[in-house]
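Okay, here's what each chain looks like letter by letter:
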Amino acid sequence: MNALVDLCIIGGGINGAGIARDAAGRGLSVVLCERDDLAQGTSSRSGKLVHGGLRYLEFREFRLVREALIEREVLLNAAPHIIWPMRFVLPHSPVDRPAWLIRSGLFLYDHLGGRKRLPGTRTLDLRRDLEGAPLLDEYTKGFEYSDCWVDDARLVVLNALDAAERGATVLTRHAAQKAQREHDCWTVTVRDKTANEARDIRARVLVNATGPWVSDVATRVAGATSRRSVRLVKGSHIITQKFWQGPQAYLVQNRDRRIVFVNPYEDGKALIGTTDIAYEGRVEDATCTEEEIAYLIEVVNRYFKEKLRREDVLATYSGVRPLFDDGKGNPAAVTRDYVFDLDEAGGAPLLSIFGGKITTFRGLAERSMHMLARFFPEMGSDWTHDASLPGGEMAGADYVSFSERLKSEYPWLPRAIRNHYGRLYGARTQRVVDNAASLADLGRHFGGHLYEAEARYLVKTEWAQTAEDILCRRTKEYLHMTEGEQAGFAEWFDASFAPIT
């Protein structure tokens, strides 16, 4: 790969994929390099919300909350198959934050970002309203507000897919080993972990979007220094069976004033988190500790009638968030905002991204291109604000109507499988189903919702190279399959496709 490209982006998380998409859509030549799988790090280990960040108002992050609230509706329009509205119930505990403060915050939350599609806040009588049924009787008053759910890993993949369809080259399992400035361009040496061979990429601009590894890549790979730094904060989640009726989520606060989300997840399960703990170890080694599990169980049991036990925890995950270090001592108070560091000292530009959150990735990508505009005076203008992501091309961004169309187009698909395809692939479901006219035509059934046709589509179209890529990130089928079924799928996958070594 000796041709000179405009942009080489290191990092296949949400920021790297978002920048690749934006740049490719402006007509720039782009290579995106990710050392593992897309979204394998922090971007698949989030709280899976597109939200303004209600709690950030308490830390006076008004600009960030406003930007995130605006982006919330932009993303809802762009990808209604993987992003959808969710109502959050906030039971009020008089020993914690006062009711007037919560009401004031929710009023700001409703009006700060120009809310259009989502319903506003309402006050609940938890003794009468159904949302109060699973809560302890001592909680008599609550509030309900709107935010959005997102399949975080698929959001990353869809951005990479859009980038590729607009001309970008996406290289997964390609680790950046060295980047050198040579006058007005970069030579980036990457190692293909599949073939175990190195190749060079020449680029006018290098973008470092490696999240928790941003400082390491800047210094070790690119030989640059930065006045910026990140604080690593670990957020852990637990997954249990869902223990309440209704589609609503809950937002509860512990005695230490931290808040925890209790969200419906994956057809009958609950996702509970997060913890905010300062982290100093290797990012790759981060796991949910027994102390964190106990903490999350304790806060849930403070509010709900049905008591969780350790044996109710089906799975856990932890993500290390690269928060821009603003000097705050409390990990929960560290800003979720992002900053850029543009280094031109040695010639060719290096743009490093510090901080950020999933909800604001599109705006971050757009601002990245604004910073680089003077290096590419012929590039196109802003375009992502009104553009759908792959699969989101639905008239009126109406998933309900789209789902009804799927039902009429594929009457032979069971409802659960049809919804699985619709939610993951949206308007591109036909590409997964292909010419199938029966379940038998989808090939081998591995368990859960997973059939051979989908697995082959993901390998062919979405860079899946291992069974884990499919079970854990492209889908969440590991939650719906037994250990034996997962092992059977992995055996089939390795026999059907060359395994990664």
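Quick look at the structure, then. Quick caveat, the model's predicted, so the values are computed rather than measured.

**Examining the overall build of the protein chain**
Helix and strand counts for the protein chain come out as 13 helices and 20 strands. Principal-axis analysis of the C-alpha atoms places the extent of the protein chain at approximately 70 × 60 × 45 Å. Sorting the 501 residues of the protein chain into buried and exposed places 60% on the buried side. In the protein chain, the proportion of contacts linking residues at least 24 apart, taken out of those at least 6 apart, comes to 72%. Across the protein chain, the 66 positively charged side chains and the 69 negatively charged ones have centroids separated by 4 Å.

**Describing the environment of Glu-454**
Within the fold, Glu-454 resides in helix H11 (residues 452-461). In this structure Glu-454 comes out as buried when scored by relative accessible area, which is 0%. Residues Glu-454 and Val-433, 21 residues apart in the sequence, show an inter-C-alpha distance of 7.5 Å. Dropping the residues within four chain positions of it, Glu-454 is found in contact with His-420, Tyr-421, Leu-424, Tyr-425, Val-432, His-449 and Thr-475.

**Some remarks on the packing of aromatic side chains**
In this description, an aromatic ring pair is defined by two values, namely the gap between the centres and the angle between the planes. Within the structure shown, the criterion is met by 21 aromatic pairs. When the centroid spacing of 5.8 Å and the interplanar angle of 80° are considered together, the rings of Phe-88 and Phe-261 count as edge-to-face. Here Phe-88, found in strand E4 (residues 83-91), pairs with Phe-261, found in strand E13 (residues 259-265); they are 173 residues apart in sequence, far enough to count as distant. Note on accessibility: Phe-88 and Phe-261 belong to one class, buried.

**Quick word on helix H1 (residues 14-25)**
Helix length check: H1, at twelve residues, gives a terminal C-alpha distance of 16 Å against a target of 16 Å (1.5 Å per residue), a fit within 8%. Summarising burial for H1: eleven of the twelve residues are buried, a large majority. Restricting attention to buried positions, one finds in H1 the residues Ile-14, Asn-15, Gly-16, Ala-17, Gly-18, Ile-19, Ala-20, Arg-21, Asp-22, Ala-23 and Ala-24. Contacts made by the buried residues of H1 are with strand E1 (4-10), strand E2 (30-33), helix H4 (152-165), strand E10 (197-208), strand E18 (350-355) and helix H7 (361-372). Gly-27 occupies a position one or two residues after H1 and carries a positive phi of about 95°.

Rules of the game
- Numbering of residues starts from 1 in each chain and follows the order in which that chain's sequence is written.
- For this predicted model, a pLDDT threshold of at least 70 governs which residues receive local features, and a threshold of 80 or more governs which side-chain atom pairs are given and counted, while totals over whole chains, interfaces and linings are taken from all residues.
- Side-chain metrics rest on all non-hydrogen atoms present in the structure, leaving aside hydrogens and water.
- Runs of H or I in DSSP of at least four residues are treated as helices and runs of E of at least two as strands, each being numbered from the N terminus.
- A simple rule labels every residue: compare its accessible area, found with a 1.4 Å probe on the protein chains alone, to the largest value its type can have, and call it buried under 20%, exposed over 50%, or partly exposed in between.
- The contact definition used throughout considers only heavy atoms, calling two residues in contact when any of these lie within 4.5 Å.
- When charges are counted, Lys and Arg contribute as positive and Asp and Glu as negative, whereas His and the chain ends are disregarded.
- Charge positions are represented by NZ for Lys, CZ for Arg, CG for Asp and CD for Glu.
- Here a Phe, Tyr or Trp ring, Trp counted by its six-membered ring, pairs with any other such ring whose centre lies within 6.5 Å, and the pair is stacked when the planes are under 30 degrees apart, edge-to-face when over 60, and tilted otherwise.
- The length a helix should cover is 1.5 Å for every residue beyond the first.

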